[in-house]
Amino acid sequence: MQPTATRKLDRSRQLQQRAEKLFPGGVNSPVRAFRAVGGDPPFVVKGRGSRMWDADGNEYIDYVGSWGPLILGHAAPDVVEAIERANRDGASFGASTPREADLAEAVLEAFPAMEKLRFVSSGTEATMSAIRLARAVTGRKYVIKFEGCYHGHTDALLVKAGSGVATLGIPGSAGVPEEFVQFTLALPYNHIERVDDAFKRLKGEIACVIVEPVVGNMGCVPPAPQFLDGLRYLTSREDALLIFDEVMTGFRVAFGGAQELYGTRPDLTTLGKIIGGGLPVGAYGGPAEYMDQVAPLGPVYQAGTLSGNPLAMAAGLATLRHLRDNRELYGRLDRAAATLVDMVADAAHQAGVAVTANRVGSMFTWFFAGEPVTDWDSAAKSDTALFGKFHRALLEEGIWLPPSQFEAAFLSAAHSMDDISQTVVAARKVLAAIGR
Ligand SMILES: *Cc1c(COP(=O)(O)O)cnc(C)c1O
């Protein structure tokens, strides 16, 4: 299709050239470079509500939401105010502050499976620490993960990982010695019988199963009925720990995350993204019996200079309080996202473009694939070139989707029905052009 090419990107291109001299690929996280979809990555200078503006003054409706954290939209007033107020009293102390307990109580209220938690500064740290703890608690070495699930960039988990790893077509990563991943088993998502097989093969040696209870990092892939319960059953039977990586799904698919939505209780939970309200926060937690194994009470070492940072705690607390006091927001998000996702899928159908729409609450993906997408193998059949076209053309129309087929998109509470209509109109136009 011919892009309308009304969007000027001169300033962004200059900034990209400057950034490329300073950072590998011009970015501080790979997927931001837009390599998977082509086109120039706009440099963002401002966000407000559902909208972002780039350095050339172009306006976008944003469906990335900082990759998940911004469930209240950009610069939500109560979050901004909380950060500003906290900042005036000092940004960091390296000593305990009351705010850490405030945020911890807000998290525990939503996640009854956790009795105690530990704050860290990223999702990567949360999953890395949770696995260390699971190995310590069980005295076992092996970890089961699932193909297409991303748990951050810690060495042992960069095996058949989704997200940027999938986007770039890298099987794992250079620089990770084979020996570092020899205790990691990557199994296909939604295939419970394979997990059963692995437990039989490595009887008494598997420390834990870590899973995205709804996958966001190969695009949105919901759990098959009974998959999560199956994992719960097998891990309990084999005395292994079940870790739900809810860095993306926590406070997103429901206030209490996927464990509330599906009613399956893990042993350990990892969180991030929304609990930091746009600032860097991660957390891992579970029963006190396990968490008390962490230093200084127990032998599992884990620490962080900026862990529990006052500004991050303030941003997270303002976000969680807003969500807690407006629980009806989840129903609204679910209905609005259903409207958006279904209308765009209909438009694709009418244009003769094969699209499979996956959605759980306000996280979703339009896979350019004709068959159901239930695991990595089916996700990988998507027409990524066609997705790239769709992405570039939508960006021209002022609609910003994640720049990869294998990343979930998000709706925020700040998106209006007008935003959704505008998006559907743009998508119809783009899909009709693609389908020709
Ligand atoms: C984003 C994400 C991570 C990694 O979090 P970072 O803060 O980027 O380190 C881990 N697990 C899941 C499920 C995620 O979505």
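Predicted model, so just to flag it, every value in this text is computed and none were measured.

A.B. asks: Provide a residue-level description of the packing of aromatic side chains, including the pertinent values.
C.D. replies: Overall, the coordinates contain 16 aromatic pairs when judged by the stated rule. Ring centres 6.4 Å apart and planes at 70 degrees place the aromatic pair Y63 and F364 in the edge-to-face group. With Y63 in the loop between β3 (59–62) and α2 (77–88) and F364 in strand β12 (residues 363–367), this pair connects stretches of sequence that are 301 residues apart. Pair check on accessibility: Y63 and F364 agree, each one buried. Relative to F255, the ring of F251 lies with its centre 5.1 Å away and its plane at 85 degrees, an arrangement referred to as edge-to-face. Using a relative accessible area of 0% as the deciding quantity, one classes F251 as buried. Given the relative accessible area of 3%, F255 is considered buried. One Lys or Arg, K46, reaches over the ring of W53 and ends 5.4 Å from the middle of that ring.

A.B. asks: Any chance you could break down the domain arrangement of the chain for me, citing the residues and the numbers?
C.D. replies: For the chain, the assigned domains are domain 1 (10–63 + 327–435) and domain 2 (77–325). Taking only C-alpha atoms, the centre of domain 1 and the centre of domain 2 are 26 Å apart. Put simply, domain 1 and domain 2 have zero salt bridges between them. Looking at side-chain class alone, the side of domain 1 that touches domain 2 contains 16 nonpolar, six polar and five charged residues.

A.B. asks: Account for unusual backbone geometry, with residues named and values stated.
C.D. replies: Note that the residue after A295, namely P296, is joined by a cis bond; omega there is 10 degrees. Along the chain, P296 falls in the loop between α10 (288–291) and α11 (310–325). The phi dihedral of S66 falls on the positive side, at around 60 degrees, and the residue is not glycine. Here S66 is to be found in the loop between β3 and α2. The phi dihedral of N190 falls on the positive side, at around 70 degrees, and the residue is not glycine. Inspection of the secondary structure assignment puts N190 in the loop between β6 (184–187) and α7 (192–201). The exposure class of N190 is buried, given its relative accessible area of 16%.

Parameters and conventions
- Residues numbered from 1 in each chain as written.
- Predicted model: local features only at pLDDT ≥ 70, side-chain atom pairs only at ≥ 80, totals over all residues.
- Heavy atoms only, no water.
- Phe/Tyr/Trp six-rings, centres within 6.5 Å; stacked < 30°, edge-to-face > 60°.
- Helix = DSSP H or I, 4+ residues; strand = E, 2+ residues; numbered from the N terminus.
- Buried < 20%, exposed > 50% of the residue type's maximum accessible area, 1.4 Å probe, protein only.
- Lys NZ or Arg CZ within 6 Å of the ring centre and 35° of its normal.
- Domains from an automatic or database assignment.
- Salt bridge = Lys/Arg side-chain N within 4 Å of Asp/Glu carboxyl O.
- Nonpolar A, V, L, I, M, F, W, Y, C, P; charged D, E, K, R; others polar.

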